[in-house]
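# Geometric and topological summary
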Amino acid sequence: MEDRTEREAASPAVRERVQDSFGRQGLMSHLGARLAHIGPGRVHIVLPARPEVTQQHGYVHAGATSAIADSAGGYAALTLFDEESEVLTVEYKINLLAPAAGDHLEAIGSVLRSGRTLTVCQLEVYGVRADGPRKLVANGQQTLIRVNRTAG
């Protein structure tokens, strides 16, 4: 049974705020990552497998894998905050379960609990091949802090 939050879309205002913030992230742009889904408490980020993001064995580098997981969780949290709030990662733990291989990786951040100050997210990263099933290559957990938006 598919989780209904899997494809539920966030409001247009929330989607625009997340897209604008994502567009300001130099690292995501540098990696070639893109937003694939923005829903209430759930964000998917896709990273195409390219030589520029691989390690010496040809798998997507753990740093790139971790970066998209961290951003997916942060944006999942942001979807639940008011427009005057921003989010910063306090800590995250990632387990690399299998070599990150596929045509692309898909990171999914899902809010487990959103509090007044701290939010906890589940992180999953899948290796996706066009001709085969998705494979879980990393999972983790993240704690984020809500901060006031700064002027400017």
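Each value, and the rule that gives it
- Residues numbered from 1 in each chain as written.
- Predicted model: local features only at pLDDT ≥ 70, side-chain atom pairs only at ≥ 80, totals over all residues.
- Heavy atoms only, no water.
- Helix = DSSP H or I, 4+ residues; strand = E, 2+ residues; numbered from the N terminus.
- Rg over C-alpha atoms; globule rule 2.2 N^0.38 Å.
- Buried < 20%, exposed > 50% of the residue type's maximum accessible area, 1.4 Å probe, protein only.
- Areas by Shrake-Rupley, 256 points an atom, 1.4 Å probe, with all protein chains shown as cover.
- Pairing = 2+ DSSP bridges.
- Axes fitted to C-alpha atoms, helices over the stretch in contact; angles between N-to-C directions.
- Core = buried A, V, L, I, M, F, W, Y, C linked by side-chain atoms within 4.5 Å.
- Contact = heavy atoms within 4.5 Å.
- Polar contact = N/O pair within 3.5 Å; in protein donor to acceptor, adjacent residues only side chain to side chain.

### Thoughts on the overall build of the protein
Of regular secondary structure, the protein possesses 3 helices and 6 strands. Put simply, the protein runs from its N terminus to its C terminus through helices and strands in the order α-α-β-β-α-β-β-β-β. Taken against the 2.2 N^0.38 rule, which gives 15 Å for 152 residues, the C-alpha radius of gyration of the protein at 15 Å falls within 12% of a compact globule. Principal axes of the C-alpha set define a box for the protein whose edges measure 45 × 40 × 25 Å. For the protein, with 152 residues in total, the buried portion stands at 45%. Carbon and sulfur atoms form 50% of the exposed surface of the protein, whose accessible area is close to 8,200 Å².

### Some details on the sheet that holds strand E1 (residues 34–39)
Strand order in the open sheet made by the 6 strands is E1-E2-E4-E5-E6-E3, with antiparallel pairing throughout. Unpaired on one side and paired on the other, E1 and strand E3 (85–96) mark the two borders of the sheet. Taking the axes of each pair of neighbouring strands and ignoring which way they run, one obtains an average angle of 20 degrees across the sheet. Judged from the 10 bridges that link them, strand E5 (residues 118–128) and strand E6 (residues 135–148) form a sheet pairing that is antiparallel. When the sheet's bridge partners are listed, glutamine 122 is paired in E6 with glutamine 141.

### Some words on the pairing of strand E4 (residues 104–114)
Two strands pair when backbone bridges link them, and strand E2 (residues 42–48) and E4 are joined in this way by 7 bridges, in the antiparallel orientation. Bridge pairing in E4 places valine 43 opposite glycine 109. Where E4 and E5 come together, 10 bridges link them in antiparallel fashion. Residue pairing for E5: serine 110 is matched across the bridge by glutamine 122. Hairpin connection of E4 to E5: 3 residues between the antiparallel strands.

### Section: the nonpolar core
Of all hydrophobic cores here, the largest spans 37 residues; its most connected members are Ile45, Leu47, Ile68, Leu105 and Val125. In terms of residue count, helix H3 (residues 62–78) provides more of this core than any other element does, 9 residues in total. Once you skip the residues sitting within four places of it in the chain, isoleucine 45 turns out to touch Phe22, Ala33, Arg34, Leu35, Ala36, Ile68, Ser71, Ala72, Leu105, Glu106 and Ala107.

### Notes on the side chain of arginine 42
Assignment of secondary structure puts arginine 42 in strand E2. Here the side chain of arginine 42 touches histidine 44 through a polar contact of 3.2 Å, side chain to side chain.

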